[in-house]
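The primary structure of each chain is shown beneath.
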Amino acid sequence: MYVRSLCLRNFRNYENEKLTFDPGVNIICGGNGMGKTNALEAVYYFSQGRGLRGGGREALKYGCQEGKINLSFSSGEREYEGEIRFEGKTKKIFLNEIELKKTSQLIGRFVCVLFTPDEMNLVKGSPEVRRRFVDSSIIPLRPAYLSALMTYNLVLKQKSSLLRREDYKLLPVFNQQLAEIGARIIHTRRSYIDSVKDIAAQVQLDISAGRERLELSYAASVKPESTREETVAAFLRKLDEMEESEKENKICFVGPHRDDILFKINDKSARSYASQGQQRSIVLCLKAAQTELILKETGESPVMLLDDIMSELDKFRRDFLREKISGKQVIITCTEPENSNIKEYNNVIKIENGKAIGRGE
Ligand SMILES: Nc1ncnc2c1ncn2[C@@H]1O[C@H](COP(=O)(O)OP(=O)(O)OP(=O)(O)O)[C@@H](O)[C@H]1O
Ligand SMILES: [Mg+2]
């Protein structure tokens, strides 16, 4: 996977800018608040059809009604021109000039793995942070999963509103839908966690010189059974058990929106005991595992987007990460190129107030 160029038009703090990239290591540098993360976010948009922060409207430059981002990239032998247009509240996605009907049609074309300081609260943050992490890792590998999540959330919203209104006529219909789509989500999450956990554990052993054994487990709100039909049945039973309580509290208590992912280091809960450095390592291990999994399943290395994280890592972990990124295209942001801790970079783009100086045009 290789990004050639990115054009930004009224996106965040950019008015009209083009950035070009090399196949190896690219550095985007500049002071705080200049637009480095915004540029990475624009690239990331093409992997999920959405940004890092907020729902979409905030992508447009303040006061603008229209804007767009264009990404030229190659995947295997194929060349792609992606375009995302922001028009007021709506967003349109084009690939090689053809408009995509659904965001899910974009998924899997451009694949990247993003490392951001925001994710460092993965271990100690709320379960929602961990669910989002797992979901956004699954989406590029299983495009249909995004549609399942969206449908699930829609039905969940309808059920919540029905509970609030105390109007239970359609409750069995919604519950049936939640159980069916929910079971799909649960099975996909389980199989993802199963395939990532051994790779992540091996990486954690490497990174800690054999001292730290990482265990990942899936704490599902409805435990997945061996078949999806059985999980649907278990889901419905649990909904039944909880029905009175859901009505009383007007809250949907059952389903994958209540799932969590647990991490243990040497048999101790990471959430309660892991140090800052260990928490960071867990995130690094998961990302490294994700990169390997993508390569294994698609035959291609994802583009690595590293947002200002090298300076936060100790030398051992930096060396480790450096080894993981070799041979891949990498886009790194940092305040000073010297701070990137990468010596062999091909291309430096300096950003000042949404303007590119250097390899921008
Ligand atoms: N929709 C928008 N329109 C205009 N400006 C915006 C918009 N959204 C964000 N900004 C501005 O973009 C600026 C740069 O944001 P960005 O997160 O890219 O900075 P950065 O270079 O990564 O900084 P840091 O080094 O602090 O991480 C901020 O000053 C923010 O106010
Ligand atoms: Mg930033």
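Owing to the predicted nature of the structure, the values given are computational and were not obtained by experimental measurement.

Peer 1: Looking at this structure, how should I read the domain arrangement of the chain?
Peer 2: Where interface size is given, it is often the accessible area lost as the parts come together that is meant. When cut into domains, the chain gives domain 1 (1–111 + 300–361) and domain 2 (121–298). Relative to domain 2, the C-alpha centre of domain 1 lies at a distance of 28 Å. With 20 residues of domain 1 at the interface, the matching set in domain 2 holds 20 residues. In this assembly, domain 1 and domain 2 are joined by zero salt bridges. Remark: the boundary between domain 1 and domain 2 carries two residue pairs in polar contact (both at pLDDT 80 or more). Going through the elements one at a time, helix 1 (36–48) and helix 8 (315–325) are the ones with two or more residues in the side of domain 1 that touches domain 2. Sorting elements by how many residues they give to the side of domain 1 that touches domain 2 places helix 8 first, with five residues. Here the residues of the side of domain 1 that touches domain 2 are counted per class, giving nine nonpolar, five polar and six charged.

Peer 1: Can you walk me through the site of ligand 1 in this structure?
Peer 2: In the vicinity of ligand 1 lie 15 residues, with G33, K36, T37, E58 and L60 positioned nearest. Within the backbone of G35, a nitrogen or oxygen atom sits 2.9 Å from an oxygen atom of ligand 1. Its free accessible area being 660 Å², ligand 1 has 74% of it covered by the protein chains. A per-class count over the shell around ligand 1 returns three nonpolar, seven polar and five charged.

Peer 1: Would you mind going over helix 2 (residues 127–138) with me for this structure?
Peer 2: In an α-helix there are 3.6 residues to a turn, and that puts residues three or four apart on one side. For helix 2, built from twelve residues, the straight-helix expectation of 16 Å at 1.5 Å per residue is met to within 8% by its first-to-last C-alpha distance of 17 Å. Those residues of helix 2 not exposed but buried are R130, R131, F133, V134, D135, S137 and I138. Residues of helix 2 that are buried make contact with helix 3 (143–165), helix 4 (171–207), strand 10 (260–265), helix 6 (270–273) and helix 7 (276–298).

Peer 1: Help me understand the packing of helix 4 against helix 8 in this model?
Peer 2: Close contact between helix 4 and helix 8 brings their axes to 10 Å; oriented N to C, the two are set at 135 degrees. In terms of their interaxial angle, helix 4 and helix 8 are classed as oblique. Where helix 4 approaches helix 8, its residues V203, D206 and I207 are matched on the opposing element by F316, R317 and F320.

Peer 1: Could you clarify how one ought to interpret the pairing of strand 4 (residues 66–75) in this entry?
Peer 2: Here is the key point about a regular strand: its side chains alternate between the two faces of the sheet. Burial analysis of strand 4 places seven of its ten residues in the buried class, which makes it a mostly covered element. Here strand 1 (residues 2–11) runs beside strand 4; their pairing, made up of seven bridges, is antiparallel. Counterpart to R9 in the pairing with strand 4 is K68. Note: strand 4 against strand 5 (residues 78–87), ten bridges, orientation antiparallel. Note on strand 5: the bridge partner recorded for L71 is G82. What sits between the antiparallel neighbours strand 4 and strand 5 is a turn of two residues, in which G76 has the positive phi angle 60 degrees.

Peer 1: What am I meant to see in helix 5 (residues 228–249) here?
Peer 2: Where helix 5 bends most, the angle comes to about 55 degrees, and this point is M242. Of the residues making up helix 5, those classed as buried are T231, V232, A234, F235, L239, E246 and K247. Along its buried surface, helix 5 packs onto helix 3 and helix 4. K250 lies just past helix 5 and shows a positive phi near 55 degrees.

Thresholds, definitions, all that
Residues numbered from 1 in each chain as written. Chains lettered and ligands numbered in written order. Predicted model: local features only at pLDDT ≥ 70, side-chain atom pairs only at ≥ 80, totals over all residues. Heavy atoms only, no water. Domains from an automatic or database assignment. Contact = heavy atoms within 4.5 Å. Salt bridge = Lys/Arg side-chain N within 4 Å of Asp/Glu carboxyl O. Polar contact = N/O pair within 3.5 Å; in protein donor to acceptor, adjacent residues only side chain to side chain. Helix = DSSP H or I, 4+ residues; strand = E, 2+ residues; numbered from the N terminus. Nonpolar A, V, L, I, M, F, W, Y, C, P; charged D, E, K, R; others polar. Near = heavy atom within 4 Å. Areas by Shrake-Rupley, 256 points an atom, 1.4 Å probe, with all protein chains shown as cover. Expected span 1.5 Å × (residues − 1). Buried < 20%, exposed > 50% of the residue type's maximum accessible area, 1.4 Å probe, protein only. Axes fitted to C-alpha atoms, helices over the stretch in contact; angles between N-to-C directions. Parallel < 35°, antiparallel > 145°, perpendicular 65-115°, else oblique. Pairing = 2+ DSSP bridges. Bend = angle between axes of the 7 residues up to and from the residue.

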